[in-house]
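Residue-level listing of the chains:
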Amino acid sequence: MGLSYNIYLNSHKIYGCKNCKAHLSNHEDIISRNFRGQHGKAYLFNNVVNVTSGDASERNMTTGRHIVRDIACRQCNETVGWKYDKAYEASEKYKEGKFILEAELLCNVT
């Protein structure tokens, strides 16, 4: 396995890992702020960078059953949220392929 390099985002507001400040996503990629995670407030993002994905698992969430995988910061391995692989409810299909980042685990990077 070769070296992995972090991707650096260029935006007026960048969200990073609270632990190590690695860039994760930018403000323009937020789809919704109306989500909750284990640590409270969470955001739905269209795209994130510098993360690794865990194994897929089926979870019962407040909006129904989903297949998700935890995502962790590639630099420090801190879990920062999850990715939706599959939604069983038709009304939740828009989440497929999208990412949740928990606000408590993020920081603003300038």
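Named according to an unreviewed UniProt entry, the chain is Protein yippee-like originating from Glarea lozoyensis. You can read under Sequence similarities (unreviewed entry) in the UniProt record for the chain the words "Belongs to the yippee family."

## Some remarks on the pairing of strand β2 (residues 23–26)
Across three bridges, strand β1 (residues 14–17) lies against β2 in antiparallel orientation. Its bridge partner being in β2, I14 is matched across the sheet by N26. The turn joining β1 and β2, which pair antiparallel and follow one another in sequence, is formed by five residues; a positive phi near 70° is taken by K21.

## Topic: the packing of aromatic side chains
The description of an aromatic ring pair rests on the distance of the ring centres and on the angle between the ring planes. By the definition in use, this model includes four aromatic pairs. Here the aromatic rings of Y43 and F45 are separated by 6.3 Å at their centres, their planes lie at 70°, and the arrangement is edge-to-face. Aromatic side chains W82 and Y84 sit 6.3 Å apart centroid to centroid with 75° between the ring planes, which places their arrangement in the edge-to-face category. Take Y84: its relative accessible area is 2%, and that puts it in the buried class.

## A short note on the sheet that holds β2
As summarised here, the arrangement of the three strands in space is β2-β1-β10, forming an open sheet in which the pairing is antiparallel. Strands at the two margins of the open sheet, each flanked by one partner only, are β2 and β10 (106–109). Here the strands of the sheet are splayed against their neighbours by 40° on average, with no regard to which way each runs. Of the pairings in the sheet, the one linking β1 to β10 comprises four bridges and is antiparallel in character. Bridge pairing in β10 places I14 opposite V109.

## Quick word on the side chain of K95
Structurally, K95 can be placed in the loop between β8 (79–87) and β9 (99–102). A relative accessible area of 2% places K95 in the buried class. A polar side-chain atom of K95 sits 2.9 Å from a polar atom in the side chain of T63. Excluding residues that lie within four positions of it along the chain, K95 makes contacts with F35, T63, H66 and Y84.

Conventions used here
The written sequence of each chain sets the order in which its residues are numbered from 1. Per-residue local features are limited, in this predicted model, to residues with pLDDT of at least 70; the limit for side-chain atom pairs, both in listing and counting, is 80 or more; totals at the level of whole chains, interfaces and linings are taken over all residues. Calculated side-chain values reflect all of the structure's heavy atoms, with hydrogen atoms and water omitted. UniProt positions are given in the numbering used here, feature names are shortened, and annotations may be inferred rather than shown by experiment. At least two DSSP bridges between two strands are required for those strands to pair. Secondary structure elements follow DSSP: runs of H or I no shorter than four residues count as helices, runs of E no shorter than two count as strands, and numbering proceeds from the N terminus. Two rings belonging to Phe, Tyr or Trp (six-membered ring only in the last case) form a pair when the distance between their centres is within 6.5 Å. Interplanar angles under 30 degrees mark stacking, angles over 60 mark edge-to-face geometry, and anything in between is tilted. Each residue's exposure class comes from its accessible area (1.4 Å probe, protein chains only) as a fraction of the maximum for that residue type: buried when under 20%, exposed when over 50%, partly exposed otherwise. Axis definition: a line fit to C-alpha positions, over the contact stretch in the case of helices; interaxial angles, taken between N-to-C directions, run 0 to 180 degrees. Throughout this description, a polar contact denotes any pair of N or O atoms lying within 3.5 Å of each other; where both atoms belong to protein, one of them has to be capable of donating a hydrogen while the other can accept it, and for residues adjacent in sequence the pair is counted only when both atoms sit in side chains. Contacts are residue-level and defined by heavy atoms, with any inter-residue pair within 4.5 Å sufficient.

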